[in-house]
Amino acid sequence: MSLSVIENIQAQRSSLSPTERKAADYVLKHTFQVVDFTVKDLAMASDVSEATVIRMCQHLGYKGYWPFRISLSKELVKYQDQRNVSEGNSVGDIFREYSRTMLNLAENVDQEVVYEAVALLRRCEQVHLIAAGNTTPLIEHMAFRFGRLGVKCSFSGIAEYFMNQINLAGQDDVVLAISQSGMTKSIIDGAVLAKQRNLKVIVITAYKNSALAELADYVVEAKGDFTRFDFYKKYNHLCEMAVAEMLLDVLEKDEKTQTIIQEKDTVGLEILSDMKL
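Model, not experiment: these values are computed from the prediction. (Residues numbered from 1 in each chain as written. Predicted model: local features only at pLDDT ≥ 70, side-chain atom pairs only at ≥ 80, totals over all residues. Heavy atoms only, no water.)

## Quick notes on the overall build of the protein chain
Which entries qualify depends on this criterion: Strands here mean DSSP runs of E at least two residues long; helices mean DSSP runs of H or I at least four residues long; both are numbered from the N terminus. Burial here depends on accessible area, computed with a 1.4 Å probe over protein chains only, as a share of the maximum for the residue type. Under 20% is buried, over 50% is exposed, and the range in between is partly exposed. Between two residues, a contact is recorded if the distance between any of their heavy atoms is within 4.5 Å. What sets the accessible areas is the Shrake-Rupley method with a 1.4 Å probe; for residues, cover comes only from the shown protein chains.
Within the protein chain, the secondary structure is distributed over 14 helices and five strands. The 277 residues of the protein chain split such that 43% are buried. At a minimum sequence separation of 6, the contacts of the protein chain that also span at least 24 residues come to 71%. Counting every atom, the protein chain has about 14700 Å² of accessible surface; 53% of that belongs to carbon and sulfur.

Structure below.
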């Protein structure tokens, strides 16, 4: 399967120059507007020169801006057609689509990265979970499950709070960030501070070549739907939720984690017994 324009940008983003990357990031964030832009419009909107926009297109494999825009427009039409069809699907079809997404995740996940990330989570002193906006409930759930597994953690979707927690973190702490786009500024700022503090960073994102992923020690890709054109138009956290649960389940099945859980369960039972007495 050949890459879509958006997939192509994500795959080659790290190889673009800083100014070309600004134009590329604008396309990712404002895809439906960009299809109507001239090269001058995109240059002005992304605050780069027209020559930079053209170079970006050429580096992505297009002869110039016009072929790039035509490809983008064709994919947008295809995406909208697929979306119109999917809106008429039955409940069963929707769940079958979820199943295909989960299978894509299973086939594309890097198991070595998962096990290394889990090993890091198991031996760290504390995990600092960071997210923003409507991704925040995911880290709240993860914090609850980490607690059940005996892993200390802090969590917040408020930048001022999690930046303070990262700034106060110990040398054996770990930062776990979730961002579907990998371009959320506050989360990137948190990862930058973590790297300045020499902390390990684990990232869950749909785009392994994003700005956030570039700062990570371990990137667990949460992308099971390769047909979506623009995640801002069809937005859900199914993949991030599945990847988060997978990491926690792998951690729970870890032998050393099991020992910790059993010890805590014994202590909990003793406390309950004392309370009954």
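Picking up after the structure, the text goes on.
## Points about the sheet that holds strand β5 (residues 218-221)
Applicable threshold: Strands pair, by our definition, only if DSSP identifies at least two bridges between them. In this analysis, axes come from line fits to C-alpha atoms, helices being fitted only over the stretch in contact, and the angle between any two N-to-C directions falls in the range 0 to 180 degrees.
Here we have five strands laid out as an open sheet, ordered β2-β1-β3-β4-β5, and parallel in their pairing. The open sheet terminates on both sides in strands that have one partner only, identified here as β2 (153-156) and β5. Geometrically, the sheet is characterised by an average inter-axis angle of 15° between neighbouring strands, direction not taken into account. As defined by bridge partners, strand β4 (residues 200-205) adjoins β5 across four bridges and the pair is classed as parallel. Each bridged residue has a counterpart across the sheet, and for I204 the counterpart in β5 is V220.

## With respect to the pattern of salt bridges
Put simply, the rule is: Salt bridges are defined by distance alone: a side-chain nitrogen of Lys or Arg within 4 Å of a carboxyl oxygen of Asp or Glu.
Per the counting criterion, the structure on display carries 14 salt bridges. D25 is paired through a salt bridge with R13; the nearest N and O atoms lie 2.8 Å apart. Residue D25 is found in helix α2 (residues 18-29), and its partner R13 is found in the loop between α1 (5-12) and α2; the two are separated by 12 residues along the sequence. D25 gets classed as buried once you look at its relative accessible area, which sits at 17%. We classify R13 as buried; its relative accessible area is 4%. A salt bridge links K22 to D47, with the shortest nitrogen-to-oxygen separation between them at 3.6 Å. Of this pair, K22 sits in helix α2 while D47 sits in the loop between α4 (39-46) and α5 (50-59), and the two are 25 residues apart along the sequence. Among the residues examined, D47 registers a relative accessible area of 61% and is labelled exposed. Among the charged side chains, a salt-bridge network with shared partners connects R13, R21, D25 and E214.

## Details of the nonpolar core
Basically, it comes down to this: Residues enter a nonpolar core if they are buried and are Ala, Val, Leu, Ile, Met, Phe, Trp, Tyr or Cys, with the set joined through side-chain atoms within 4.5 Å.
Core analysis: the largest hydrophobic core is formed by 32 residues, its most contacted members being V127, L129, M142, F146, L176, I202 and I204. For this core, the elements supplying multiple residues, two or more each, are α8 (111-123), β1 (127-130), α9 (136-148), β3 (174-178), β4, β5 and α13 (238-253). If sequence neighbours within four positions are ignored, I204 has contacts with L176, A177, I178, S179, V220, A222, E240, V243, A244 and L247.

## Some remarks on α4
To keep it simple, the criterion reads: Taking the helix axis as origin, the arc is that swept by the directions to the C-beta atoms.
For α4, the full list of buried residues reads L42, A43 and S46. The buried side chains of α4 occupy one side of the element, clustering within an arc of 100° when seen end-on. Remark: D47 follows α4 within two positions and exhibits a positive phi of approximately 60°.

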